[in-house]
Every structure is written in C-alpha cells, then in structure tokens.
Amino acid sequence: MRFVRVAVTRFGPLSEFEPGAGSPLPGLVIVLGPNEAGKSTFHRVLTSLIHGIYPATRDQNPFTPWKGGDIEIGGTIALDSGEEWEVQRRLLSTPRGHLVRGGATDPLDNRSLPCASHVSSAIYSQVYAIGLADLAGVEREPWDAVRDHLIVGMGSDDLRAPREVAEELNARAASLWRPTRKGNSRHRELEAEMKELRSRRDDALKRDRRQREALGRALALDRTLDELRREKVAAAARVERLRTLVPLRVRLERLDRMEAPLGPIEGLRELPRDPAARLRELHDRAEAERRRAEEREAMDGRLREAGQPLFDALPADDEELATFGQRVAAVPLTLLDERIAGLEDETGRIRALEERLEELSGRAPQPPEAIPKIGFLLGALALGILTAALALRDPIFGIAGGVFLIVSTALIARALELRARRVGLREAHEAEVRNLQSRLPSAQRARDEREKGVRELLEPLSLSTSARELQGRRLVSDLERLAGLFRERSERGRPREVRAEAELQAFLAALRRAGGSADADGAERVAARIIEMEKVDRAREELEGDAGEIEVLRDKIQEAERDGEVWVEVPERLAGAEAEVEEIDSRMQRARDEQTAFRRDAAHDAKDETVDLVDSHIEEVREQMRTAERERDRLFVLARLLERAEATFRETHQPELLRRAERHLARITGGRYARILTGRGDDPNALHLHANHLPHPTPVESPLSTGTREQVYLALRLAIVDHLDEGKETLPLLLDEILVNWDPERRQRVLDLLVELSRSRQIFLFTCHPHLAGEVARAGGRVIELPAP
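What counts and what doesn't
- Residues numbered from 1 in each chain as written.
- Predicted model: local features only at pLDDT ≥ 70, side-chain atom pairs only at ≥ 80, totals over all residues.
- Heavy atoms only, no water.
- Helix = DSSP H or I, 4+ residues; strand = E, 2+ residues; numbered from the N terminus.
- Buried < 20%, exposed > 50% of the residue type's maximum accessible area, 1.4 Å probe, protein only.
- Contact = heavy atoms within 4.5 Å.
- Areas by Shrake-Rupley, 256 points an atom, 1.4 Å probe, with all protein chains shown as cover.
- Expected span 1.5 Å × (residues − 1).
- Phe/Tyr/Trp six-rings, centres within 6.5 Å; stacked < 30°, edge-to-face > 60°.
- Lys NZ or Arg CZ within 6 Å of the ring centre and 35° of its normal.
- Pairing = 2+ DSSP bridges.
- Axes fitted to C-alpha atoms, helices over the stretch in contact; angles between N-to-C directions.
- Parallel < 35°, antiparallel > 145°, perpendicular 65-115°, else oblique.
- Right-handed = clockwise from strand over helix to strand, strands pointing away.
- Core = buried A, V, L, I, M, F, W, Y, C linked by side-chain atoms within 4.5 Å.
- Patch = residues over 30% accessible without salt bridge, like charges linked within 9 Å, V, L, I, M, F, W, Y side chains within 5 Å.
- Salt bridge = Lys/Arg side-chain N within 4 Å of Asp/Glu carboxyl O.
- Polar contact = N/O pair within 3.5 Å; in protein donor to acceptor, adjacent residues only side chain to side chain.
- pLDDT = per-residue confidence, 0-100.

In this section: the overall build of the protein chain. Across its full length, the protein chain carries 22 helices and 14 strands. Going through the 789 residues of the protein chain one by one, you find that 38% of them count as buried. Sequence separation of 24 or more characterises 72% of the internal contacts of the protein chain that already satisfy a separation of 6 or more. Element-wise, carbon and sulfur atoms account for 51% of the exposed surface of the protein chain, whose accessible area totals about 44,800 Å².

Because an α-helix completes one turn every 3.6 residues, residues spaced three or four positions apart along the sequence face the same direction. Look at helix H20 (residues 706-725): 29 Å from first C-alpha to last across 20 residues, which is about the 28 Å you get at 1.5 Å a residue. Positive backbone phi, approximately 75 degrees, marks Gly-727, located one or two places after H20.

Take the packing of aromatic side chains next. A complete count under the given rule lists 6 aromatic pairs for this structure. Ring pairing ties together the aromatic residues Phe-3, Phe-17, Phe-42, Phe-764 and Phe-766, which thus form one cluster. It is Arg-101 that lies over the ring of Trp-85; its NZ or CZ is 5.0 Å from the centre.

What follows is about helix H10 (residues 333-361). The first and last C-alpha atoms of H10 sit 42 Å apart over 29 residues, in line with the 42 Å expected at 1.5 Å per residue. Inspection of H10 places Leu-333, Leu-336, Ile-340, Ala-341, Gly-342, Leu-343, Glu-346, Ile-350, Leu-353, Leu-357 and Leu-360 among the buried residues, and these make up the whole buried set.

Let us look at the sheet that holds strand E12 (residues 733-736). For sheets, the rule is that strands pair by backbone hydrogen bonds, running either parallel or antiparallel. Taken in spatial order, the 5 strands line up as E8-E12-E13-E3-E14 in an open sheet, and their pairing is parallel. The strands lining the two open edges of the sheet, one partner per strand, are strand E8 (129-131) and strand E14 (782-785). Mean inter-strand twist for the sheet, computed between neighbouring axes without regard to direction, equals 20 degrees. Sheet topology note: the E12/strand E13 (residues 763-767) ladder contains 4 bridges and is parallel. Across the sheet, the residue bridging to Leu-734 is Phe-764, located in E13. Packed onto the sheet, helix H22 (residues 770-778) meets strand E3 (28-32), E13 and E14 and runs at close to 165 degrees relative to E3.

Where H20 meets helix H21 (residues 744-757), the axes come as close as 13 Å, and the angle between the chain directions of the two elements is 10 degrees. Our classification of the angle between H20 and H21 gives roughly parallel. Side by side, H20 and H21 meet where Thr-708, Gln-711, Leu-714 and Leu-718 of the first sit next to Arg-746, Val-750, Leu-753 and Leu-757 of the second.

Turning to the pairing of E13, a few remarks are in order. In terms of burial, E13 is a largely internal element, 5 of the 5 residues being buried. Side chains Ile-763, Leu-765 and Thr-767 project from E13 onto one buried face, and the interleaved Phe-764 and Phe-766 project onto a second face that is buried too. In this sheet, E13 lies alongside E3 in parallel orientation, the contact comprising 5 bridges. Along E13, the bridge assignment pairs Leu-32 with Thr-767. In this fold, E12 hands off to H21, which returns the chain to E13; that crossover is right-handed.

With that settled, consider the nonpolar core. Soluble globular proteins tend to bury their nonpolar side chains together. Ranked by size, the top nonpolar core spans 85 residues in total, and within it Phe-3, Val-6, Val-8, Phe-42, Ile-77, Tyr-128 and Phe-764 carry the most contacts. Examining the composition of this core, we find that 10 residues originate from one element, H20, more than from any other. Ignoring sequence-local partners within four residues, the contact set of Val-6 consists of Phe-17, Glu-18, Pro-19, Leu-25, Phe-42, Val-45, Leu-46, Leu-49, Gly-74 and Gly-75.

Taken together, Ile-374, Leu-377, Ile-399, Val-403, Val-407 and Leu-411 make up a surface patch of nonpolar side chains, about 540 Å² in accessible area. Here the nonpolar patch gets 4 residues from one element, more than from any other, and that element is helix H12 (residues 395-458). Given the relative accessible area of 60%, Ile-399 is considered exposed.

Attention now goes to the pattern of salt bridges. Pairing between side chains becomes possible if they bear opposite charge and their charged atoms approach one another. Considering all chains together, one arrives at 19 salt bridges under this definition. In this structure, Arg-630 engages Glu-623 in a salt bridge whose closest nitrogen and oxygen atoms are separated by 3.2 Å. Exposure remark for Arg-630: the relative accessible area of 48% places this residue in the partly exposed category. Between Asp-725 and Arg-761 there is a salt bridge; the shortest N-O distance is 2.4 Å. Here Arg-761 lies in the loop between H21 and E13 and Asp-725 lies in helix H20, a separation of 36 residues in the sequence. Take Asp-725: its relative accessible area is 5%, and that puts it in the buried class. The network of salt bridges with common partners includes Arg-10, Arg-58, Asp-70, Glu-72 and Arg-90.

One open sheet holds the 6 strands; their spatial order is E2-E1-E4-E5-E6-E7, and the pairing between them is antiparallel. A strand with exactly one partner marks an edge of an open sheet, and here the two such strands are strand E2 (14-17) and strand E7 (104-107). Ignoring strand direction, the axes of neighbouring strands in this sheet form an average angle of 25 degrees. Alignment of strand E1 (residues 2-11) against E2, held across 3 bridges, turns out to be antiparallel. When the bridges of E2 are listed, Val-8 appears paired with Phe-17.

So, about the side chain of His-51. Turning to its location among the elements, His-51 is positioned in helix H1 (residues 39-51). Since its relative accessible area comes to 3%, His-51 is described here as buried. Looking at His-51, its side chain comes within polar contact range of the main-chain oxygen of Val-119, at 3.5 Å. Ignoring any residue separated from it by four or fewer positions in sequence, one finds His-51 in contact with Arg-89, Asn-110, Arg-111, Ser-112, Ala-116, Val-119, Ser-120, Ser-121 and Tyr-124.

A few words now on the confidence of the model for the protein chain. Averaged over every residue, the pLDDT of the protein chain is 77; residues scoring 70 or more account for 79%. Per-residue pLDDT stays below 50 along residues 137-146; that stretch engages in 19 contacts with residues further than four places along the chain or on separate chains. Residue range residues 149-157 is modelled with pLDDT below 50. Its contacts to residues more than four positions away, or to other chains, number 33 contacts.

In structure tokens form, the structure reads like this:
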C-alpha cells in the first residue's frame, strides 16, 4: 500500500496541511523542514493513519492541536491491487474513525487498517519507522539481543526471547522440586513447614481449653453485673427524687404565690407592653387618615382623565362616582380576558375548518376499478382442466389445473384488495368531509356564545361608541387601569378612616377588659400589671427549662407524696441513698475488673492461632506441595517445547534473513562488506562481518565506524520488512535522519537502493538538511517542505 494523499486538519503544531492534494504522492517522498517544523508530528500522522491514534485519550496525547480543537487526520491510500481507500480518524473524548472502500463506509474506531493487520503497531514503530536513534541504539546491544529483538521477537518490546524464557522455566522448575533431594527447593521448604505446623497444632489445642474456661467465668460475672445494675437503678431513683424534686417543689410554690395576686390575665395578653404608647399611635393614625381625605379631589381628576376614552362622561356627584367605580370593579377582568381570547380561538377554528373543507372539495379519490375478467376466465379454465384430470386420471392435467386455479385465485384476490383499498380511501374522504361539515355549525354556535358572553360582561358599563371599537385585550388593559385608580381612590377615602377609628375603639375596649380606662392613667395601671405578668412568665419559663412541663412536675410531686414522701429530713436521707449508690458502684467495679481479667486472658489466647486455622494451613501446605510437583512438571515440558520451537524457527527464517541483509549491505557498501556471520569466536551468538580486507571476521561493534554499524542494522531491518510483508500488503517505510553519519558515496548508493525499493514500497525520508533533500529529489523523489516554526 502507499499514501496517495494525506490531509492533516489538526494534529499537534500542524493544521490544514494536505500533501498530495494536487497530484498523488509518489513512491519516494522527502519531508524537509527545519527543527520544530513538525517532521516528527507528520511522522506520527502517518503511523496513526495506519494503526490508530495513541495515547487514545485527549488529555494524555502529546499531539493535541496547539491551536485548539480535536485531533483530525485523513488520507487516501492505494493498495497493491490498485484499489483505493479513504481513511478518516479523530480523537474526541474517545477515538473515532471510519474507512470508505468500494462505496461503503465501515466503522474503524481506533483499530489498525485491515491491510496492515499482519504487522502490529509496536512492530511497525520499531522496524518500519526507522530513525537515527534506532540505528544508534542497536550498537550498544550484543548480537544475542539483536537476534531476539529483531528476528525472533520481530521488534516487539512486549515479547521476550525464547532462549531466556526456557532458561527461566528450567530454573523455576528446579526451585520447586528436586527428585534427588539434593539442594534446597520449594518442596523441601514445604515439608519443613508441615512439621512446624503439626507442633503449632498441639499448642493451639492447649490454648483453646484455657480460653473456654476463662469465657465461662466471664459469662457468670455478666449475670452478677445485671443484678447490681438493677439495684443501682432503684437507689439512683431515690437519690434523684431527693436531689431534684425538693428544690423544684420550692420553686413551684413560689410561682403559685406570685400568680395569686395577679388575677385574671387573659385580657393583659391582648395588649402591648406599653399601652399608652399604642394609644397615642392609634390617635395619630386616625388624624392622618382624615388628612388623606383631602387628597381625594386630586384623585377624581385623574379618574376622569382615564375614563374619557371609555365613557362619554363620568358622574359628577361623589356618591354616584363611587357607585360607578363599584360597577367597574365588579367587572371580572380575568374572565373578560379569557372570553375575548376564547372568541379569537373560536374564530380561528372556524377559519381552519372552512379551509380544510375547501381543500378536500378539490381532491376526491378515484372510483374503484372493476374486477378483471381474465381472473374468472382462468378460474373456469382451471376447473375444466381439473374435471378432465379426474375423468382421465391424468396427473399432468391435475398439476396444470392446479396451477391455473392458483393464478386465477391470486389475480382475483389482488383485484379485490385494490378495489377494497380504493373504496376505503373514498369512504374515509367522505367521512372526513361529513365530520368537518358537522363540526362547522357547532363551532359557529360556540363563537356566537363567546361573543354573547363578552357582551354580557360589558353590558353594565355603558361604554362609549369609540370604546366599543377597541379590539381584544387593549380594552381589558384600559379597564384594568381605571379599576386600579378607583381602588386607590377608595383606599385613600372613608374606608381607611373607618378602619383607623375601628382599631382605636377596639383597643379602648381591650384596655377596659384589662381593668384600665381610656385616659393615660388607666393605661399606666395596665402597664404595671403587664410587667408583673412578665415576671411570672419568666419564672415559669425558667422552671420549665429546668424541670420540663409544669403539669408533669406537679404529677411527679404528687406521685412521690402518694409513695409516702413527707419532704422532711431530706439531707440525712439523701446522704444515705448516695452512700448506697457508691457501695453498689464499688461492687460493680470489682466484678468488672475480674471480668476484664478473664476476657483479657481469653483474648490473649485468641490472638494466637486456633486449631481450625492451623488445620487449614496444614491442608494448604499439602495442596502447595502437590501444586509444586505439578508445576515443576509443567514448567519442564514448556521449557523443552520453547527450545525446540526456537531452534525450528531459527533454522527456517534466520538464514534467509541474513542472505537478504547481505545483499542490501553489499549494495550499500559497494561490495566492501558482503558477508554477515553468526556463531564466531567465544560468543556463538555474536554478529560478525567478513570481508577480503579483514584478517578475520570482525564483530559489529567498535572499532567499526558508526556509519558502518548503522548500515549493517539498516540492511537487517530492510530484510525483516521484506520477510514480514512477503505474500501480504507492502507497508510504507518511514526513515528519519538515517543518513547523517554516512559518506557521500554510500549515501548515494543507499538512495539508489531506496529509489529501487520505492517502485514496490512507498518510502518517506525525513530530514532537516536541504542538500540531502536535493540529492533525494534528483534521484527521483518528491520534496514536501514543512513551514518554519
């Protein structure tokens, strides 16, 4: 596959970047840009289009768009077969993606492209996406790690070499169980643990007997404590009675003495604390109400001005004007507004019915069709054939007659269905017309009723001719304003004076009920009684705050007296009851101390292991011993299988990979290095180079130059991608600054090799060196320039 077009809407620093929009991208593409121009970002765009956007959360993804918004990329790819796919990916709260192929759109989510499923994301990032850091990092690894990582593990970080796993499995198997009994093992440790557990079980049995005896004695002390608690409750009740009821009884008697001379207080509670001040206030209010009457004349002028648009003239007499205001106030404006709104609704409903009738009159359904005669003819023919079949006993005639009968029945049934459908449509049309025609008179009557209701509400007002022409709710608004002015006039007039005078007379009556009079001296006498009443109330509140409700306190005192309480020699009796409580407390404390000691002994034994717990440990160790034996056998078999599988894989694939790598290396170095060997020297897994100018095979490490080592591992990776893509879709190569340590001749050779490989595999070469981009462009590649940051 290859990228025909790449569209970067938003991705890190890149936005609205679309290489390949003018003409399709070729097999060899050079991405040129200075530092921080977005080469690494575009590199990640290509891998994300193939294998998805990772990290898959917006908050953790380092390529969240710098200018805001969501990550959004897309592109067009061409498969080796020539088919073209459209890919779109976005990262919202979760990744989204879809794939368009063959005119159909399939959900892709964050999965890899189907054509790249043979190479995982980890393999692609480490083998196909080659950077300078990848080549430089290999030189610090021994050949064994290179073989396991690149050839056996195929470049995946989450896989380990079979050789290492097999060695670890053998070590773990030996650590679990050694049949020869030599050395230490998990099985030997479990046997020693079993012996110790049996000894601990004997100790647990002894502790269990001691614990049961201590708990039995503690339970007996529980019963003793219950009896002492009951005795203490009775003694404490006697102490409480003598300690609390005696002073409360004294305070209750004092409260009764304070209430006796006060007399009836019901009238006092109706009055304020300062009756004289309240009396002066009511006199002032009555005077103020009289002054407001003077303002009524000004209000009359505003009323006449507001009533001019509605009436020919308002009454001149004060009484008649007040009566007229009552008629205006009596009009239910809310009901009038509802009836006007209902009248408008009914008028609109009649208009809608008339429009629907007019629409139906111009659109009548077609009449039903007649049943086709061909159906009856075929039916008659079928009956004749069936009759002949019965007479001749010929099955062929019977089958033919059945076929004609089925066809005839189907034609007649279809015709009847169409006829019934058209009849139904016509009947529905006529029914709807009748329904509308029947509803129209009732709607007109409803409109007339609504109009009559509006006239009835306005009848008492005798509106002027101009007021009758007012439409809808404007009339309601004007009437509401006029009614408000009448209310304000009424509130400023006589009703307020009557209320103030009534309040004054009611207060004077309350003063007389409380034993006072209308003058200041009488109010002062009432004030003195109110002060005494407040003292009684405070005393009552204090007593209720300490003792609860007064009546409940009286009941307690009476109950104590019925039990024989005479309220004499209280101190001596109180001292005796308190001494009894203290003696009971002392006995209870001694019992608690003994109980605590027994429970402490039982708890101390309970902290250690119980018999059941030790038995469960013994059974667990037995199961672990059986598990260790089974696990040792399983690990041993797995180690043998891995060793055999690794040998088979290496024999099948490694030689072919080395041959491919040798061809690429010879091409790059101009034949100077053409052999890659393994198993030389002291290290049988070491990687060596062999050449005519070398006295012996040389390890791929220092003192070989950095460029030469990078060329060896580039050749190995090119061989690996050929092996991975064999028989599958060829995936693009992404090469990032891999030629900076190479001399011009070898750089030119590898460019020639890349041009040749780009005929079958698309290659992207990333660089910040314009001269290198020029060399690649002259070799046949296209340059994509990224803008300076």
